Amino acid sequence: LRSQLKKEQSTSQTDRTADRRENNKNRWPDADFGGQYRINFYNADNGTGTDDQRAGRARIRQNIDLKFSEGFNTHLQFELSHTTSNVTTTSGVSVRHAVMDYTFKNGMNLQAGLVPLHDYYHDTLFSSDWDYNPLAASLNVPIGVGNLRLFAANLREAMEQAENDDFVHYQADYSLPISN
C-alpha cells in the first residue's frame with residue numbers, strides 16, 4: 001500500500017510540474033514598442049547679421065508597453081532630450097513615463113507611477129504633452145455614460161531655488177461625452 005501511495009504521489013507531482021511548465025510557456029507578456037521620433041533643422045537669423053544660428057536636432061521618445069494579463073499593463077517611456085549642438089551630445093536620457101495600469105472587471109482603472117496626466121479642457125490647465133508626468137495615483141470609475149477620475153500627484157521638484165512651489169495636486173473631475 002505504501003509503495004502504491006508513493007507511486008501515486010510521485011506521478012501526481014510530475015503531472016503538476018508538467019502543468020506548471022506548460023502554463024509558464026504562455027506567461028511572457030505581450031510587448032509593444034512605439035514612440036516619438038523627430039529630427040529638425042533650422043537656420044535662425046537674429047537680425048544683426050552676426051549671430052545666426054544653424055542647428056540640426058534630434059529627439060527620441062521610446063515606449064515599451066507590456067501586457068501581462070487582460071487587466072494588468074505597464075508603460076515605460078525613455079526620452080533622449082534634444083541634442084544641444086550639431087555633435088552627438090544630448091542633455092541626457094531620462095524616464096518620462098513609468099506607469100503600472102490595472103483595469104478591474106467592473107471597468108474601474110487604477111494607474112500609479114510617473115503618470116502622464118492631462119485635463120479634460122483641451123489641455124489648457126495641464127498636459128502630459130508639456131511634461132506633466134508627476135508621481136501619481138489615478139483612479140478612473142465609469143459612472144453612467146461618463147467617467148469619474150480621482151487623482152493625487154506629488155509635484156516635488158526639489159531642484160530649484162524656489163522651494164515653496166512644491167505641492168500635492170488632488171483632483172476629481174467627471175468626463176461626460178456630449179454626443180456619440
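Before reading further, recall that the structure is shown in the block above.
All values derive from a computational prediction rather than experimental measurement.

### A closer look at the overall build of the protein chain
Inference 1: A count of helical and extended segments in the protein chain gives one helix and eight strands.
Inference 2: Mapped from its N terminus to its C terminus, the protein chain presents α and β elements in the order α-β-β-β-β-β-β-β-β.
Inference 3: Buried positions account for 23% of the 180 residues belonging to the protein chain.
Inference 4: In the protein chain, the share of contacts with a sequence separation of at least 24, taken over all contacts with a separation of at least 6, comes to 36%.
Inference 5: Working note: accessible area of the protein chain is about 13,500 Å², and carbon and sulfur atoms make up 55% of it.

### A few points about a nonpolar patch on the surface
Inference 1: A cluster of nonpolar side chains, namely Ile143, Val145, Tyr174 and Leu176, defines an oily patch on the protein surface of about 400 Å² accessible area.
Inference 2: Within the secondary structure, Ile143 sits in strand β6 (residues 135-143).
Inference 3: According to the relative accessible area criterion, Ile143 is partly exposed, its value standing at 40%.

### A word on the nonpolar core
Inference 1: In this structure, Val99, Val115, Leu117, Tyr132, Ala136, Phe151, Ala153 and Leu155 together form the largest nonpolar core, which totals eight residues.
Inference 2: With three residues, strand β7 (residues 146-155) is the largest single contributor of residues to this core.

### Re the environment of Asn73
Inference 1: Along the chain, Asn73 falls in strand β3 (residues 72-80).
Inference 2: For the pair Asn73 and Asp101, spaced 28 residues apart in the sequence, the C-alpha separation amounts to 5.1 Å.

### Structural notes on the pairing of β6
Inference 1: Direction of pairing for strand β5 (residues 109-114) relative to β6: antiparallel, over a ladder of six bridges. When the bridges of β6 are listed, Gln111 appears paired with Ser138.
Inference 2: Pairing geometry for β6 and β7, over nine bridges, is antiparallel. Within the sheet, the bridge partner assigned to Leu139 lies in β7 and is Leu150.
Inference 3: Counting the residues that bridge the hairpin from β6 to β7 gives two residues, and of these Gly144 lies at a positive phi of roughly 65°.

Thresholds, definitions, all that
- Residues numbered from 1 in each chain as written.
- Predicted model: local features only at pLDDT ≥ 70, side-chain atom pairs only at ≥ 80, totals over all residues.
- Heavy atoms only, no water.
- Helix = DSSP H or I, 4+ residues; strand = E, 2+ residues; numbered from the N terminus.
- Buried < 20%, exposed > 50% of the residue type's maximum accessible area, 1.4 Å probe, protein only.
- Contact = heavy atoms within 4.5 Å.
- Areas by Shrake-Rupley, 256 points an atom, 1.4 Å probe, with all protein chains shown as cover.
- Patch = residues over 30% accessible without salt bridge, like charges linked within 9 Å, V, L, I, M, F, W, Y side chains within 5 Å.
- Salt bridge = Lys/Arg side-chain N within 4 Å of Asp/Glu carboxyl O.
- Core = buried A, V, L, I, M, F, W, Y, C linked by side-chain atoms within 4.5 Å.
- Pairing = 2+ DSSP bridges.

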